Amino acid sequence: MTIWTGASGTEYEPVIGLEVHAQLRTASKLFCACPTVFGAEPNHHCCPVCTGMPGTLPVINRRAVELAIRLCTAVGGTVHSGSVFSRKNYFYPDLPNGYQISQFDKPLCTGGGVWIDTEETGRKFIRLTRIHMENDAGKSSHSGDGHSLVDLNRSGMPLCEIVSEADMRSPQEAMAYMKALRSILRYTEVSDGNMEEGSFRCDANISVRVMGTEPFGTKSELKNINSFRFVGQALEYEIRRHIDVVDSGGSLEQDTRLWDSKKHVTMFMRGKEDAHDYRYFPEPDLLPLDLDPSWVAEIAETVPELADERSQRFQADLGLPSYDAGVLTAERELADYFEEAAGMVSTPDEWKALSNWIMGDVLRRLKEENLDTTAIPIRPQRLVQLLALITDGVISGKIAKKVFDELWEHDVDPATIVEDRGWKQVSDTAAIDTIIQSILADNPNEVEEYRAGKTKLRGFFVGQVMRAMRGQGNPQVVNQRLSALLDNTN
Amino acid sequence: MTAPDPSAVAHVAGLARLKFSDEELRLFQQEFAAILEMVEVLEELPAVEGVDTDSSAPTPMRPDAVTNANLPDAMLANAPDREGYHFRVPAVLGGED
Amino acid sequence: MGNEMDTPQTLDEMAAALRSGQCSAAQLIDQALGRAQEHRHLNAFLSLDPEGAQQAAAKADEELASGHDRGPLHGVPVAIKDNICTQGMPTTCASQFLDNFAPPYDATAVQRLRDAGAVIIGKTNLDEFAMGSSNENSSYGPVLNPLDTSRVPGGSSGGSAAAVAAGIVPLSLGSDTGGSVRQPAALCGVVGVKPTYGRVSRNGLVAFGSSLDQIGPFATTVKGAAGVLQAIAGGDPMDATCPDQPMDNWAAECEKPVGPIRVGLPVEYTADLTDEARAALLGPLEAMDDVELVEVALPHTRFAIAAYYVLASAEASANLARFDGIRYGVRVAEPESDLQDVYVASRTAGFGPEVKRRIMLGTFALSAGYYEAYYGKAQQARAAIGSDFDKAFEQVDVIASLTSPTTAFELDARTQDPLEMYLSDIFTVPSSLAGLPAISVPAGADGKGLPWGIQVIAPHWEEGSMFQFATRIESHVASAGSLP
Ligand SMILES: [Mg+2]
Ligand SMILES: [Zn+2]
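Because the structure is a prediction, the values reported are computed rather than measured. (Residues numbered from 1 in each chain as written. Chains lettered and ligands numbered in written order. Predicted model: local features only at pLDDT ≥ 70, side-chain atom pairs only at ≥ 80, totals over all residues. Heavy atoms only, no water.)

Draft legend 1. View of the packing of helix H11 (residues 304–319) of chain C against helix H14 (residues 371–395) of chain C. All names here are of chain C. Where H11 meets H14, the axes come as close as 9 Å, and the angle between the chain directions of the two elements is 125°. In terms of axis orientation, H11 runs oblique to H14. Seen from above, H11 lies across H14 with left-handed handedness. For the pair formed by H11 and H14, the contact residues are Ala304, Ala307, Val310, Leu311, Ala314 and Glu315 on the first element and Tyr374, Tyr375, Ala378, Gln379, Ala381, Arg382 and Ile385 on the second. Of the residues that constitute the contact of H11 with H14, the class distribution is 10 nonpolar, 1 polar and 2 charged. (Axes fitted to C-alpha atoms, helices over the stretch in contact; angles between N-to-C directions. Helix = DSSP H or I, 4+ residues; strand = E, 2+ residues; numbered from the N terminus. Parallel < 35°, antiparallel > 145°, perpendicular 65-115°, else oblique. Left-handed = near helix turned anticlockwise from the far one by under 90°. Contact = heavy atoms within 4.5 Å. Nonpolar A, V, L, I, M, F, W, Y, C, P; charged D, E, K, R; others polar.)

Draft legend 2. Representation of the packing of aromatic side chains in the model. Taken as a whole and judged by the stated rule, the model has 33 aromatic pairs over all chains. Taking the centre distance of 6.0 Å and the plane angle of 70° together, the rings of Phe323 of chain C and Tyr328 of chain C count as edge-to-face. For the pair Phe323 of chain C and Tyr328 of chain C, a shared accessibility class is recorded, and that class is buried. Each ring, one from Phe364 of chain C and one from Tyr370 of chain C, has its centre 4.4 Å from the other, and the planes form 40°; the classification is tilted. Residue Tyr370 of chain C is classed as partly exposed on the basis of its relative accessible area, which comes to 31%. The structure contains a cluster of three or more aromatic residues connected by ring pairs, namely Phe20, Phe28 and Phe32 of chain B together with Phe364, Tyr370 and Tyr374 of chain C. Here the guanidinium or amino end of Lys88 of chain A rests over the ring plane of Tyr278 of chain A, the centre of that ring lying 4.5 Å away. (Phe/Tyr/Trp six-rings, centres within 6.5 Å; stacked < 30°, edge-to-face > 60°. Buried < 20%, exposed > 50% of the residue type's maximum accessible area, 1.4 Å probe, protein only. Lys NZ or Arg CZ within 6 Å of the ring centre and 35° of its normal.)

Draft legend 3. Seen up close, the interface of chain A and chain B. In this assembly, 54 residues from chain A lie in contact with 35 residues from chain B. A combined buried area of about 4000 Å² lies between chain A and chain B, and 57% of that area is made up of carbon and sulfur atoms. Where chain A packs against chain B, one counts 1 salt bridge. Counting the contacts that link chain A with chain B gives 20 residue pairs in polar contact (both at pLDDT 80 or more). Going through the elements one at a time, helix H1 (62–74), strand E9 (139–142), strand E10 (147–151) and strand E15 (265–271) of chain A are the ones with two or more residues in the side of chain A that touches chain B. By residue number, the principal contributor to the side of chain A that touches chain B is E10 of chain A, which donates 5 residues. Residues belonging to the side of chain A that touches chain B are distributed by class as follows: 29 nonpolar, 14 polar and 11 charged. Where E10 of chain A meets strand E2 (residues 86–90) of chain B, 4 bridges bridge the pair, whose relative direction is antiparallel. Bridged to Leu149 of chain A within E2 of chain B is Arg88 of chain B. (Buried area = accessible area lost by both parts, 1.4 Å probe. Salt bridge = Lys/Arg side-chain N within 4 Å of Asp/Glu carboxyl O. Polar contact = N/O pair within 3.5 Å; in protein donor to acceptor, adjacent residues only side chain to side chain. Pairing = 2+ DSSP bridges.)

Draft legend 4. Inspection of the side chain of Arg17 of chain B at higher detail. Looking at the element boundaries, Arg17 of chain B is found in the loop between helix H1 (6–15) and helix H2 (22–39). A polar contact of 2.8 Å, which involves the side chain of Arg17 of chain B, links it to the backbone oxygen of Gly14 of chain B. Setting aside chain neighbours within four positions, we find Arg17 of chain B in contact with Phe91 of chain A together with Gln340, Tyr343, Val344, Arg347 and Thr348 of chain C.

Draft legend 5. Summary view of the interface of chain C and chain A. Contact with chain C, which involves 37 residues of that partner, is made by 29 residues of chain A. Per-residue buried area on chain C facing chain A is highest for Ala240, Arg322 and Arg327 of chain C; these three make up 21% of the total on that side. If you look at where chain C meets chain A, you find 1 salt bridge. Linking chain C to chain A there are 15 residue pairs in polar contact (both at pLDDT 80 or more). Among the secondary structure elements, those contributing two or more residues to the side of chain C that touches chain A are H11, helix H12 (339–350), helix H13 (353–366) and H14 of chain C. At 4 residues, the largest contribution of residues to the side of chain C that touches chain A is made by H11 of chain C. Split into classes, the residues belonging to the side of chain C that touches chain A amount to 22 nonpolar, 9 polar and 6 charged.

Laid out in structure tokens, this is it:
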């Protein structure tokens, strides 16, 4: 557990709350019929509504509401019928109407929470304050000649804002919370959680207090952090900055800051006195969101078993370590893959072996080839077949890697691969003895040195034998016969 | 309810992104005072109970369908300044919400 | 075309003349354009579209000749208030800000008029962004009342009212937020309708007070107004506040034989009337057969103007935030200007004084620390006013009042005092807050020969009974010969 200590030796505790914006996985925008596809030419996915032309009106996307309700159910929040959209007024060129349509005093959902698991503090429940719906703004970039260029393709994208209580006490917890939330969004197919494309972003509220005291310190708000790593780094920086000021007897001003990921510092954006007066009022163009209870119940039925629950089950039923369970359940598709394979075997050793293969070779290959977990080319059944060949002593672990590489390219029964390539493991004592004897005969100096006490050379003999057997010697038998023929003649 | 003083009127003008001369601000303050005096009648409104402000109509929702035409030229036709298919504006500094 | 005496004037006459071959749509459009030229001094139009109109008329003539009859509006000239979007045609809202703006889409109401075969000849003048009661707040100069050019036509839809009153077009569209169709209709001596909130799509109507705005027709006759409303009304998937609701055939409703009716007279609306005004209202009502006049109480009326100006201005302050000089409209920028300078300079240059006044009031009413006292209270007042009407309609079928407490006033008479101007809408604002349908029908004239208007308010979605009773007033007044 990191202890945050000031120069005076006083210990401090960070207090962190996050506001996450997640883009809902719809085909069209929240209030108009423009596509949500990423990467279009500037202003090509725009219409009079999302460019804020005079006289245009918002009409809400039913699918967006459905996805938001599914998320609320997944995190155990209370879904409110009669939630109200409000206008949040501020001027910005990305915001074509001069107001964002958001929810204010009557959000769609309150309460609920997310389980996280960190090495430092173990399992912990992070409470949610609320979840509400709102539309996204556009994007501006610099032209290089002192101008900004505005692209409204993002304008009107459907977002959920997920506001946590200030329940996190370290950057690690904050990152774990973000990962857990993203996992839920992806499991439920509410959002693709794609950070590069801006469909998962976060604002963090951070303050520090003297360890063991109640009242919160003055907070800073960190805006628009778009990676797990940056959240960790920005919070570390900001905690340190707060402690340095407070510990030296200074006082902080409430402010809003931006993380500069190049310089690794947070930069002042505006102080409390410049805080916006958003002048929220109910959006007159939309009626309150009256929800049919049977529809809400129907949506609740579509929430799948989530990562945390699944991880608990993998540990309890399959005896997996919590680390393995965590890695395997982080993505729904990977957990599905593991679970399909696991269903074909029946012992904890086999389950653990499958877990090792997936966490090791499968994830490594995916990463190398920049594939996601939906794209594993080896069917679970093949992995189980491969495992059986090792268990049955047909191939060594080393050969298994080669078979795995073959399977990655072609969907064939691993036994056939082993057969065709002549990769079967050799356990026959007589055959192995013959090879050992010829190796010993070819290397008389090494035999002498070994027998004189240079036992390090044993590895050399093992290597020679295995090379002569093209890796197919059963390592146990090879070792055993080496002992017999090399050591016993002494 | 008292009428806002000139600095408060200037603050409201700032929120609304409008600018007034000192003379105009003084005039506004007078007009505000008169209008707010008229509006003051609302203080006499008895506490309303059981008044239904909610609409009983169900919220209409649109299906999640992409039906707009790809018309960047129409969207940019009225732009005071553009660069390619971007709207061009004096520099935006920092981010916002 | 025959002489002026034979020229069809009303929607009915035009529809009949087009089908009997007495005239063509092309002739009607030329006549309308000619009259618009003759009446240029009224400043009723901000733009005319002779080419577009002549093309549309030619098409209408072809269609009618080939038996493709789109109904009563087919081939008839109409004018559209210039805060209603017309694709590719100027839509300025009478504001410097939108001097060069041409929207890329048609308002739903405009689209429906086109579908009904109506021919749009041009866009009419208004108070800037529909904010005003005299049409003196237009950036392009005031509209003059055709009945007396020293007087205002009322506002904000003054151009659309004047265009009908001057006989340029038999029909036009306006928009009504707190009385902006009914009050100019009354002051110009024509019929004007504010439908039930949600009856007509607001898609394409440049928003002022979104929870109040409705597009409504002007016409020379009640039946003409009913015909236009029939064409533009009905649910629109582009407007979440515009549901599918059953509609009667309102033009037929106007001609139905009618039985006894109970008409409510709100005491709050008659208490302070001058004798002349009272007579203008009660004269026709008392003289009509089968009309039972019932005094009703609308006790929260005194809160209406305050609630209206808070709510409409609050909504306007947000609705007009999109006019920032980025995507359309005026941009005022010096070489050194930063973004904030552009916003401030563009908006300050683009908006006129009344628009700024309302944005300021609305911004203030929503700002931190004031919301509850202003917006919150105003919403409560609005709800109370709505329930006043609900109770009254338990006793009566419709409610009648004067549309405006005065007849047309002189230009400049009220421009120095915004408050006095606001009170012009005292009888129209409450039904706007309640979302009720209301119509103004010409009644008698005052001593100077200027028309009074009687307002008929009906329960939600009951435009049918509103048109029926309005037709009775119309025929009674016509037979009494008391119109100017
Ligand atoms: Mg937000
Ligand atoms: Zn759009």
